[in-house]
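Spelled out from the first residue to the last, the chains are:
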Amino acid sequence: MALDTETLNLLIDAVRRFVHERLIPAEDELAASGEVPPDIVKEMRDLGLFGLSISPDYGGLGLTMEEEVRVVFELGQTSPAFRSLAGTNIGIGSQAIVLAGTDEQRANYLPKLASGELIGSFALTEPDAGSDAMSLRVSAERDGDCYVLNGTKRYITNAPIAGLFSVMARTAPERRANSISCFLVEAGAPGLIIGKPDKKMGQAGALTSDVVFDNCRVPASALLGGEEGNGFRTSMRVLDKGRLHISALCVGIADRLLRDAVQYANERKQFGQPIAEFQLIQAMIADSQAELYAARCMVLDAARMRDRGENTTMQAACCKLFSTEMVGRVADRAVQIHGGAGYMSEYAVERFYRDVRLFRIFEGTSQIQQLVIARETIKAHS
């Protein structure tokens with residue numbers, strides 16, 4: 001159920017103040033240490049940021065998709081690593097349980113995910129299965145009242161700090177959707193090995209690593225929904241929602257980048273006047289604003305469609321494609337407007353320029369989005 005307008009506005013205002021008063025001033029500390037300060041994690045929990053999309057029945061805020069993206073617009077105004085910490089709980093780390101979990105699984109895990117007591121992680125990608133998720137090789141074999149998992153997952157967000165992994169594993173050898181199942185694997189399970197945190201181009205503080213299963217035994221009750229074969233379909237549904245969330249994040253980051261670029265253009269003088277008065281600088285600002293506006297409108301429209309119960313597979317892919325490419329272009333222009341200063345780490349645009357490059361890759365590359373859009377368009381007109 002949607003929040004009333006006043007309550008939603010109060011939530012958005014609270015998140016906006018938190019971002020500007022607490023998160024933006026902590027960006028340099030985050031970049032240097034590679035971790036979100038513990039006091040900020042606590043404040044994020046207190047604000048309810050880990051449970052935005054989880055039902056109030058389980059301690060969350062139960063936001064609609066439109067309400068969620070409006071909040072994420074605000075979270076995007078700062079380093080994406082802050083949002084990443086809670087992002088898996090909001091999206092891919094909890095939504096498989098929301099969509100397909102048993103009553104017992106929901107009651108056990110969703111309150112802990114909503115409070116931030118438990119950090120969730122979604123383990124789909126493998127060394128040889130990225131865009132081609134159907135080719136995943138991590139296996140799960142039934143052994144009495146347990147399943148035994150073997151194989152390796154790669155680039156798994158929040159893996160080094162996660163308490164719960166939603167793991168896609170093959171329970172049948174055939175290459176088909178119902179050969180893949182989802183398992184809820186708790187940290188500390190025998191045979192679960194977490195690799196060293198990855199060294200990445202950007203997004204310091206957003207932790208990823210390999211997750212290795214070496215004869216990892218989990219009880220049969222760890223099988224999502226209590227049935228084999230629902231993993232692939234569930235993961236695709238989760239990714240549809242996640243793509244709208246990421247698109248909203250890119251809108252927020254682009255807004256921050258444009259604001260920083262305009263501020264710098266007003267302060268920086270060349271030839272006796274602010275560079276904001278030069279038409280070619282204005283052209284970059286105008287192009288960025290137009291693309292930002294288009295992306296915001298797309299995300300809000302798709303979110304409203306999802307809230308009406310409509311299929312948004314194509315619209316989510318359109319948003320993911322356009323918004324992630326858009327924020328890359330805005331970041332590039334922001335660096336260009338800053339000139340040499342934009343190449344220096346003392347300015348946030350240098351960090352954001354590296355941070356946003358990832359968005360065109362994870363949760364489905366731009367090329368995968370193009371394939372989804374084309375497939376859905378051809379289907380609709382055939």
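Small disclaimer: the values here were computed from a predicted structure and weren't measured.

Asker: How should the pairing of strand β2 (residues 139–143) be read in this particular structure?
Answerer: Successive residues of a regular strand alternate their side chains across the two faces of the sheet. Looking at chain direction, β2 and strand β3 (residues 146–157) are connected through five bridges and run antiparallel. When the sheet's bridge partners are listed, E141 is paired in β3 with V148. In this antiparallel pair of consecutive strands, β2 and β3, the connection spans two residues, and G144 shows a positive phi of 65 degrees.

Asker: Hey, could you run me through the pairing of strand β5 (residues 180–186) in this one?
Answerer: Counting buried positions over the seven residues of β5 gives six, a clear majority of the element. Note that strand β4 (residues 164–170) and β5 share seven bridges and pair antiparallel. Considered in β5, the bridge of R170 is made with I180.

Asker: How should the UniProt feature "domain: Acyl-CoA dehydrogenase/oxidase C-terminal" (unreviewed entry) in the chain be read in this particular structure?
Answerer: In the UniProt entry, the feature "domain: Acyl-CoA dehydrogenase/oxidase C-terminal" (unreviewed entry) is given for residues 229–376. With 75% helix and 3% strand, the stretch residues 229–376 has end C-alpha atoms that lie 24 Å from each other.

Asker: Sorry if this is basic, but what is going on with the packing of aromatic side chains here?
Answerer: Two aromatic rings, taken as a pair, are described by how far apart their centres are and by the angle between their planes. Applying the stated criterion to the full structure yields four aromatic pairs. Between Y264 and Y347 the ring centres are 5.8 Å apart and the planes differ by 90 degrees, which places this aromatic pair in the edge-to-face class. In this pair, Y264 sits in helix α8 (residues 231–267) while Y347 sits in the loop between α10 (313–338) and α11 (348–355), placing the two residues 83 residues apart along the sequence. Directly above the ring of F352 sits R351, whose terminal nitrogen or CZ lies 5.2 Å from the centroid.

Asker: Could you clarify how one ought to interpret the side chain of S179 in this entry?
Answerer: Counting through the fold element by element, S179 comes out in the loop between β4 and β5. If we skip the residues at most four places from it in the chain, S179 touches A169, R170, T171, A172 and E174.

Asker: Mind showing me how you'd approach the domain arrangement of the chain here?
Answerer: Interface extent is often summarised as the accessible area lost during association of the parts. For the chain, the assigned domains read domain 1 (5–115), domain 2 (120–227) and domain 3 (233–381). Averaged C-alpha coordinates put domain 2 and domain 3 at centres separated by 30 Å. Counting residues at the interface gives ten residues for domain 2, matched by twelve residues for domain 3. Counting each side, the surface lost to burial between domain 2 and domain 3 is near 900 Å², with a carbon and sulfur contribution of 68%. Among the residues domain 2 hides against domain 3, the three largest losses belong to S131, M201 and Q203. Together they make up 50% of the total. Across the contact surface, domain 2 and domain 3 share zero salt bridges. Seen at the junction of domain 2 and domain 3, the total is two residue pairs in polar contact (both at pLDDT 80 or more). When its residues are assigned to classes, the side of domain 2 that touches domain 3 shows six nonpolar, four polar and no charged.

Cut-offs used in this document
Residues numbered from 1 in each chain as written. Predicted model: local features only at pLDDT ≥ 70, side-chain atom pairs only at ≥ 80, totals over all residues. Heavy atoms only, no water. Pairing = 2+ DSSP bridges. Helix = DSSP H or I, 4+ residues; strand = E, 2+ residues; numbered from the N terminus. Buried < 20%, exposed > 50% of the residue type's maximum accessible area, 1.4 Å probe, protein only. UniProt positions renumbered as here; feature names shortened; annotations may be inferred. Phe/Tyr/Trp six-rings, centres within 6.5 Å; stacked < 30°, edge-to-face > 60°. Lys NZ or Arg CZ within 6 Å of the ring centre and 35° of its normal. Contact = heavy atoms within 4.5 Å. Domains from an automatic or database assignment. Buried area = accessible area lost by both parts, 1.4 Å probe. Salt bridge = Lys/Arg side-chain N within 4 Å of Asp/Glu carboxyl O. Polar contact = N/O pair within 3.5 Å; in protein donor to acceptor, adjacent residues only side chain to side chain. Nonpolar A, V, L, I, M, F, W, Y, C, P; charged D, E, K, R; others polar.

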